[in-house]
Amino acid sequence: DSEGFHVDLTNCDREPIHQLGAIQPFGFLIALSSDWLVKRASANIADTFGVVADDMLGTPLTDHFSAHAVHQLRNRLTVLRGADAVERIFGVAVFADQPNRLFDFALHMIGDTIVLEGEPCEAEAASDPASAIRAMMARLDNTTDLTGFFREGARQVRALTGFDRVMVYRFDMDGSGTVVAEAARAGIGSFLDLRYPASDIPQQARKLYLRTPFRIIVDVHAEPVPILPQRDETGEPIDLSLSVLRSVSPIHIEYLQNMGVDASMSISIIVEGKLWGLFACHHYAGAKRPGFERRSIAELFGQMFALKLESRERKALSAYETSARATSDRLLAAVAGDAGLLDNPEWLGNMLQETVPCDGIAIWIDGKLATSGMTPPNDAVPGIVRRLNAMAAGRIYATDHLSDVLPQAADYADVAAGLLAIPISRTPRDYVLLFRQEKIRTVNWAGDPHKPAQLGPHGPRLTPRKSFELWAQEVRGRSEPFNEAEQRVAEMLRASLIEIVLRLSDDAQEEKR
Ligand code: BLA
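Residues numbered from 1 in each chain as written. Predicted model: local features only at pLDDT ≥ 70, side-chain atom pairs only at ≥ 80, totals over all residues. Heavy atoms only, no water.

Looking up the protein in an unreviewed UniProt entry gives the name histidine kinase, with the organism given as Stakelama tenebrarum. You can read under Catalytic activity (unreviewed entry) in the UniProt record for the protein the words "ATP + protein L-histidine = ADP + protein N-phospho-L-histidine." (UniProt positions renumbered as here; feature names shortened; annotations may be inferred.)

Following this line, the structure appears as structure tokens:
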């Protein structure tokens, strides 16, 4: 279509996925003015109300809904005032003469516009939601390690929603992601440990998933239903960011079809305000629509899961920091008793090793070098120090791939591929350097990550990759990365080391006098 946005490899992140102007056909959408007149309606409205969308525009909602239903919706709307949230109301009898024909509704606001989305109530309702959630939480709490916690999370989402495959998908720092846990129907193979490139879930989608933590694609083969009129008096398509029925990017639909998926659902896992990962769910045996109430329980479960994950991560971090603080105290105490220890890289190396594992250590003070363990050749160290001085003014610097910033480091990458540099003075620049050796890893990508998409046969139209065959990549020249917690701890050790160095130089001054 001429108005539509053409996706290509350069603009994938800019496809306006919240403004596609259509919903999925498993429900209907009505947008209302603040006086409850219909401003927009989805083209499938006649299926439920027997009035075509065009004829509904401009009419009051009370022409179509029972007075009681309108009353229920109005009441619920008052709860919402101002919030960037979706209210839900389950089991509404829309037609006064059909008391058993029930619908579930989602309500949200865009400015002054009220957006009402309805779908038929699930025949077999979820059991008491509160006790369902309680049982799910108890199961999570019964797990000991993180792997078990993830696996139990996947199991619970699968038990609740009935999807064929439920995965816990964790994002890496570079935006790629790995399946870290899975619960699946027997006989459909496993995606566990597979890695997917960042471009499989583009930026704007991630941003949207922070705001709306739940989405479902009930049937990837279903034809989207346009919302009429497509453009209102402002000329804008409706903003479907918070819509429950929002239709989905055709690129992503193609991706799912290439994967052989019929229905997809995902729940954001938000930790410390960041998109940590997703529960990603597939169904392969046709369309899948868990009822709205059940989906709402799954969404709430996702939020509780994330909170528990956050608290587990915090606990682990604080235990690590406590032990690091103890090391730092011991360091200070030991050096206070024997200043010579700081010139002893074996001793210092062993000490720091306990908190930040490494394969070698170099100490550079006043242009003098001492090393222990696996380190670059001595004559390479001044080059590293010069590079650090030019780069990381007085701050911790960490890399798992030193040759990124220092090309000649490729020569000794097998013994020292990664570096954590702790500056311990201002001028002249003194450092404690922790090295990690190369760790050759095999990353199992689901398809070649260098070709996440290709141009289609009909011009600039983008086609996501068709093959998800295992594509094993051998990663060389990199060490185990120094993680965030280790860098924080290095910051703490740095403070101790600076204190020691200052004290020693004071002592030296003293002796001179
Ligand atoms: C969205 N991509 C998504 C979503 C997932 C993935 C989970 C969220 C929507 C959903 O729940 O289905 C990716 N799904 C995965 C991955 C696994 C999985 C990695 O099951 C692993 C097991 N996709 C591409 C390319 C583009 C692209 C090249 O591969 C763009 C050029 C786009 N993906 C794309 C878009 C969305 C998306 C636009 C947003 C869909 C929407 O919410 O409208």
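Right, picking up where we left off after that structure.
**Q** I keep staring at the overall build of the protein and nothing clicks. Help me out?
**A** Secondary structure summary: the protein contains 11 helices and 22 strands in total. If you line up the protein on its principal axes, its C-alpha atoms span 100 × 50 × 50 Å. Per-residue burial over the protein gives 50% buried out of 513 residues. Counting contacts in the protein only where the partners sit at least 6 residues apart, residues at least 24 apart contribute 64% of the total. For the protein, the exposed area adds up to about 24400 Å²; of that, 51% sits on carbon and sulfur atoms. The protein carries 54 positive and 69 negative side-chain charges, and their two centres are separated by 2 Å. (Helix = DSSP H or I, 4+ residues; strand = E, 2+ residues; numbered from the N terminus. Buried < 20%, exposed > 50% of the residue type's maximum accessible area, 1.4 Å probe, protein only. Contact = heavy atoms within 4.5 Å. Areas by Shrake-Rupley, 256 points an atom, 1.4 Å probe, with all protein chains shown as cover. Lys, Arg positive; Asp, Glu negative; His and termini not counted. Charge placed at Lys NZ, Arg CZ, Asp CG, Glu CD.)

**Q** Explanation requested: the site of the ligand in the structure shown.
**A** Contacts to the ligand come from 29 residues, most closely from Cys 12, Tyr 209, Ser 264, Ser 266 and His 282. Here Ser 264 contributes a side-chain N or O atom positioned 2.6 Å from an oxygen atom of the ligand. Between the ligand and Ser 266, the relevant distance is 2.6 Å, taken from an oxygen atom to a side-chain nitrogen or oxygen of the residue. Surface burial for the ligand is 99%, taken as the share of its 880 Å² of free accessible area covered by protein chains. Those elements that place two or more of their residues in the shell around the ligand are strand 7 (165-171), helix 6 (203-211), strand 10 (214-217), helix 7 (250-259), strand 12 (263-271), strand 13 (274-283) and strand 21 (462-464). Tallied by class, the residues present in the shell around the ligand amount to 19 nonpolar, 6 polar and 4 charged. (Near = heavy atom within 4 Å. Polar contact = N/O pair within 3.5 Å; in protein donor to acceptor, adjacent residues only side chain to side chain. Nonpolar A, V, L, I, M, F, W, Y, C, P; charged D, E, K, R; others polar.)

**Q** Explain the pattern of salt bridges to me, please; I cannot follow it from the model alone.
**A** When charged atoms on two side chains of opposite charge get close, those side chains can pair. Scanning the model with the defined rule gives 22 salt bridges in all. Notably, a salt bridge pairs Arg 155 with Glu 152, separated by 3.1 Å at the nearest N-O pair. Highlighted residues: Arg 155 and Glu 152, both in helix 5 (residues 146-161), separated by 3 residues, approximately one helical turn. Judged by relative accessible area, which is 11%, Glu 152 ranks as buried. Each of Glu 119, Arg 289 and Arg 295 takes part in a single network of salt bridges with overlapping partners. (Salt bridge = Lys/Arg side-chain N within 4 Å of Asp/Glu carboxyl O.)

**Q** What am I meant to see in the environment of Leu 470 here?
**A** With respect to the secondary-structure elements, Leu 470 resides in strand 22 (residues 470-475). A residue is classified by how much of its surface remains accessible, and Leu 470, at 55% relative accessible area, is exposed. In sequence terms Leu 470 and Gly 447 are 23 residues apart; their C-alpha atoms lie 5.7 Å from each other. Not counting the four nearest positions on each side in its chain, Leu 470 is found in contact with Leu 194, Asn 444 and Trp 445.

**Q** Even after reading the chapter, I still don't get the sheet that holds strand 18 (residues 431-436), so can you show me in this structure?
**A** Sheet strands pair via backbone hydrogen bonds, and the direction of the pair is either parallel or antiparallel. Spatial strand order, 15-14-18-17-16: 5 strands in an open sheet with antiparallel pairing. Edge strands, defined here as strands with exactly one partner in the open sheet, are strand 15 (368-373) and strand 16 (397-399). Mean inter-strand twist for the sheet, computed between neighbouring axes without regard to direction, equals 10 degrees. Relative to strand 18, strand 14 (residues 360-365) runs antiparallel, the two sharing 5 bridges. Each residue of the ladder has a partner; that of Ala 362, found in strand 18, is Leu 433. (Pairing = 2+ DSSP bridges. Axes fitted to C-alpha atoms, helices over the stretch in contact; angles between N-to-C directions.)

**Q** Looking at this structure, how should I read the packing of aromatic side chains?
**A** Aromatic ring pairs: the centre-centre distance and the angle between the two ring planes describe each pair. Scanning the model with the defined rule gives 18 aromatic pairs in all. The interplanar angle of 70 degrees and the centroid separation of 6.1 Å between the aromatic rings of Phe 28 and Phe 105 together place this pair among those described as edge-to-face. Placement of the pair is Phe 28 in strand 2 (residues 28-32) and Phe 105 in strand 5 (residues 102-110), with a sequence separation of 77 residues. As far as burial versus exposure is concerned, Phe 28 and Phe 105 are alike and both buried. Among the aromatic residues, those joined into a cluster by ring pairs are Phe 28, Phe 49, Phe 65, Phe 95, Phe 103 and Phe 105. The positively charged end of Arg 165 is found above the aromatic ring belonging to Phe 191, 3.8 Å away from the centroid. Residue placement shows Arg 215 over the ring face of Tyr 209; its charged tip is 3.5 Å from the ring centre. (Phe/Tyr/Trp six-rings, centres within 6.5 Å; stacked < 30°, edge-to-face > 60°. Lys NZ or Arg CZ within 6 Å of the ring centre and 35° of its normal.)

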